[in-house]
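# Reading the structure
Next come the chains, spelled out residue by residue.
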Amino acid sequence: MMTYRITLLLAALSLFTAVALGAFGAHGLRQHLDAAMLAVYQTGVQYHFWHGLGLGVVALLLRGDPESRLLRWAAALLLAGIFIFSGSLYVLAISGVKWLGAITPFGGTAFLAAWLLLAVYAYRLPR
């Protein structure tokens, strides 16, 4: 179950990983990837960062509303999106396996669903 504590921990670990992978891309891959694949990798890092931060926001919201199914699902979908979207871009850039690009939109769909659930949660808040 995506509790406040677990979600915050996963957000922190996600952001730690985003920093490490960003540094690896900037310093370790620059000489090994062409410009197009480096851009693919950097896109993965960017989305990883933004959605890791979003996961942290959802964690803080869960602290105040630990029973919210909408927030728990949003957290799970953000985490899944990071793995599927960013992860597929990382592997695609490093390996060159093109069919991985077909997986990436599933991660993007998870991101969209997470943000939509957060919007529904916000809409349902008392005025």
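Residues numbered from 1 in each chain as written. Predicted model: local features only at pLDDT ≥ 70, side-chain atom pairs only at ≥ 80, totals over all residues. Heavy atoms only, no water.

### Quick notes on the overall build of the chain
Assigned secondary structure in the chain consists of 4 helices and 0 strands. Secondary structure elements of the chain occur, N-terminal to C-terminal, as α-α-α-α. Considered along the principal axes of its C-alpha atoms, the chain spans approximately 50 × 25 × 25 Å. Here the chain holds 127 residues, and 39% of them are scored as buried. Here the analysis covers contacts within the chain between residues at least 6 apart in sequence; of these, 72% occur between residues at least 24 apart. Carbon and sulfur atoms provide 72% of the accessible area of the chain, an area that totals close to 7,600 Å². (Helix = DSSP H or I, 4+ residues; strand = E, 2+ residues; numbered from the N terminus. Buried < 20%, exposed > 50% of the residue type's maximum accessible area, 1.4 Å probe, protein only. Contact = heavy atoms within 4.5 Å. Areas by Shrake-Rupley, 256 points an atom, 1.4 Å probe, with all protein chains shown as cover.)

### Notes on the confidence of the model for the chain
In this model, the chain carries an average pLDDT of 96, and 100% of its residues clear a pLDDT of 70 or more. The lowest-confidence element of the chain is helix H1 (residues 4-29), averaging 96 in pLDDT; the highest-confidence one is helix H4 (residues 104-124), averaging 98. (pLDDT = per-residue confidence, 0-100.)

### As for H4
Along its 21 residues, H4 runs 31 Å from first to last C-alpha, staying within 8% of the 30 Å computed at 1.5 Å per residue. Within the sequence span of H4, burial applies to Thr104, Gly107, Gly108, Ala110, Phe111, Ala114, Leu118 and Tyr121. Along the long axis of H4, the arc covered by the buried residues comes to 155 degrees, so they all point the same way. For H4, exposure combined with an orientation more than 90 degrees from the buried face picks out Phe106, Leu112, Leu116, Tyr123 and Arg124. (Expected span 1.5 Å × (residues − 1). Arc of directions from axis to C-beta.)

### Overview of the layout of surface pockets
Considered as a void within the structure, the largest pocket measures approximately 160 Å³ in volume. In terms of lining, the largest pocket is formed by Leu10, Leu13, Ser14, Thr17, His48, Leu79, Ile82, Phe83, Gly87 and Tyr90. When contributions to the lining of the largest pocket are tallied by element, the ones reaching two or more residues are H1 and helix H3 (69-95). The element contributing the most residues to the lining of the largest pocket is H3, with 5 residues. Of the residues assigned to the lining of the largest pocket, the class counts are 6 nonpolar, 4 polar and no charged. (1 Å grid on protein atoms, 1.4 Å probe; cavity = no way out; pocket = protein on both sides within 12 Å on 5 of 7 lines; lining within 4 Å. Points joined across faces, edges and corners; volume = space filled by probe spheres on them. Nonpolar A, V, L, I, M, F, W, Y, C, P; charged D, E, K, R; others polar.)

### What about the packing of aromatic side chains?
What the rule picks out here adds up to 4 aromatic pairs. Where Tyr41 meets Tyr90, the ring centres are 5.0 Å apart and the plane angle is 50 degrees; that geometry is what we call tilted. With Tyr41 in helix H2 (residues 35-64) and Tyr90 in helix H3, the pair connects residues that are 49 residues apart, well separated along the chain. For the pair Tyr41 and Tyr90, a shared accessibility class is recorded, and that class is buried. With 4.6 Å between their ring centres and 40 degrees between their planes, Tyr47 and Phe85 make a pair best called tilted. Taken together, the residues span a long stretch of sequence, with Tyr47 in helix H2 and Phe85 in helix H3 at a distance of 38 residues. By relative accessible area, Phe85 is classed as buried at 12%. (Phe/Tyr/Trp six-rings, centres within 6.5 Å; stacked < 30°, edge-to-face > 60°.)

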